[in-house]
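# Commentary on secondary and tertiary structure
Chain by chain, the residues:
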Amino acid sequence: MPRDNKTPLIQKIAKQAYTTFKGLKCSSGGENKVVADNMSELISLVTAVRAADLKIAPRKTKPSSGAAELQSPPVTYMHICETDVFSMGVFLLRTGASIPLHDHPGMNGMLKVLYGKVSVRCFDKLEDNMNGRPVPPEFDPPLAPLQMGSVWHSVLRSDTEYSETSGPCLLTPMRDNLHQIDAVDGPAAFLDILAPPYNPDDGRDCHYYKALQTGAEKGKDAKSNPEQQGEKEKDQTWLLEVPQPEDFWCGGEPYPGPAVSV
């Protein structure tokens, strides 16, 4: 029988990601249609990918096994490929695991669920207005003076659940750039594409955040009168940059799927 030389879907995704994000970086006004067409093709390919295409079997939901469970990482990563234009890999989340709220400075990204279900909460830092940065309110509990320099006014852009039949969650340098990812109702895995990759030497380091509660918000919660709060005000919040949470770490495991070259 003739040998099947059909190109694996993940190889097509890698090639298209390189073309798309290299074109996005170098694009000018006259090339906008080419960039849009490339992005549309990449989204189409990523939407079609499934766990079986990467030879990944959905993990079983396992009951807690005490100390052994506590010692294993809540999240593991399978590295697929990386160039100066993009990186690609798979994150696997245990039941109940969460990737804390973090950012992607100057980066574009795609997240496509391979199995299970995840909840993704996306935030953006708000630009300073003409009158300068808004004065932060009093927080509950109060922050130390040194922490005030790490507080960011932000807005909640979306809070969405994704499954393997969903299209990808997209982020850009200016939109949905900060997000938190939680496994829902069992283990989950997703394909992750970032362009360009994290690189602290180029100012693309990962920072973690937590949402703060103001004294005014606590008072509103106590009065339980949300109808008086406008949608725009309700979605705005303050984020504090924090060290990587102690209960989160990411392990590594081999990628079992088709080899990828770019």
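Above this note sits the structure.
As the structure is a prediction and not an experimental result, all values here were calculated from the model. Residue positions are counted from 1 within each chain, in the order its sequence is given. Per-residue local features are limited, in this predicted model, to residues with pLDDT of at least 70; the limit for side-chain atom pairs, both in listing and counting, is 80 or more; totals at the level of whole chains, interfaces and linings are taken over all residues. The basis for every side-chain value is the complete set of non-hydrogen atoms in the structure, without hydrogens or water.

Attention shifts here to the overall build of the chain. Strands here are runs of E lasting at least two residues and helices are runs of H or I lasting at least four, both read from the DSSP assignment and numbered beginning at the N terminus. Regarding its fold elements, the chain presents 5 helices and 12 strands. When accessible area is computed with a 1.4 Å probe and restricted to protein chains, residues below 20% of their type maximum are described as buried, those above 50% as exposed, and intermediate ones as partly exposed. In the chain, which comprises 262 residues, the proportion classed as buried is 39%. Long-range pairs, those at least 24 residues apart, make up 85% of the contacts in the chain between residues at least 6 apart in sequence. Surface accessibility of the chain: about 14,900 Å² in total, with carbon and sulfur atoms responsible for 52%. We call two residues contacting when some pair of their heavy atoms lies within 4.5 Å. Values of accessible area rely on a 1.4 Å probe in the Shrake-Rupley scheme; residue burial ignores everything except the protein chains shown.

This brings us to the sheet that holds strand β7 (residues 169-171). At least two DSSP bridges between two strands are needed for those strands to be called paired. An order of β7-β4-β9-β2-β1-β12 is seen for the 6 strands of this open sheet, with the pairing classed as mixed. Looking along the sheet, the strands with just one partner apiece sit at the ends: β7 and β12 (250-252). Strand after strand, the sheet turns through a mean of 25° between neighbouring axes, direction not considered. The pairing of strand β4 (residues 108-115) with β7 spans 3 bridges and is classified as antiparallel. Looking at the pairing, G109 lines up with L171 of β7. Across the sheet, helix α2 (residues 32-48) is in contact with β4, β7 and β9 (188-195); its angle to β4 comes to roughly 20°. Fitted lines through C-alpha atoms give the axes, limited to the stretch in contact for helices. The angle between two N-to-C directions lies from 0 to 180 degrees.

The next thing to look at is unusual backbone geometry. Look at the link from D140 to P141: it is a cis peptide, with omega at 5°. Tracing the backbone shows P141 in the loop between β5 (117-125) and β6 (151-163). With an omega of -10°, the peptide bond running from A195 to P196 counts as cis. Mapped onto the fold, P196 is located in the loop between β9 and β10 (208-212). With a phi close to 55°, K55 is a non-glycine residue in the positive phi region.

We call a set of buried residues a nonpolar core when its members are Ala, Val, Leu, Ile, Met, Phe, Trp, Tyr or Cys and they connect through side-chain atoms within 4.5 Å of each other. Among the nonpolar cores identified, the biggest contains 30 residues, and I13, F86, M88, V90 and L191 are the most heavily contacted of them. If you list the elements that add at least two residues to this core, you get α1 (9-26), α2, β1 (75-82), β2 (87-93), β4 and β9. Broken down by element, this core gets its largest block of residues, 6 residues, from α1. In this structure, M88 is in contact with I10, I13, A14, Y77, H79, I80, C81, L191, D192 and I193, ignoring residues within four places of it in sequence.

Salt bridge, as used here: a side-chain nitrogen of Lys or Arg that lies within 4 Å of a carboxyl oxygen of Asp or Glu. Summed over all chains, the structure comprises 6 salt bridges. Between D124 and R157 there is a salt bridge, with its nearest N and O atoms 2.8 Å apart. Of the two residues, D124 is situated in strand β5 and R157 in strand β6; the sequence distance between them amounts to 33 residues. According to the relative accessible area criterion, D124 is buried, its value standing at 3%. R157 sits in the partly exposed class, given a relative accessible area of 35%. D202 is the partner of R204 in a salt bridge, and the nearest nitrogen-oxygen pair spans 3.9 Å.

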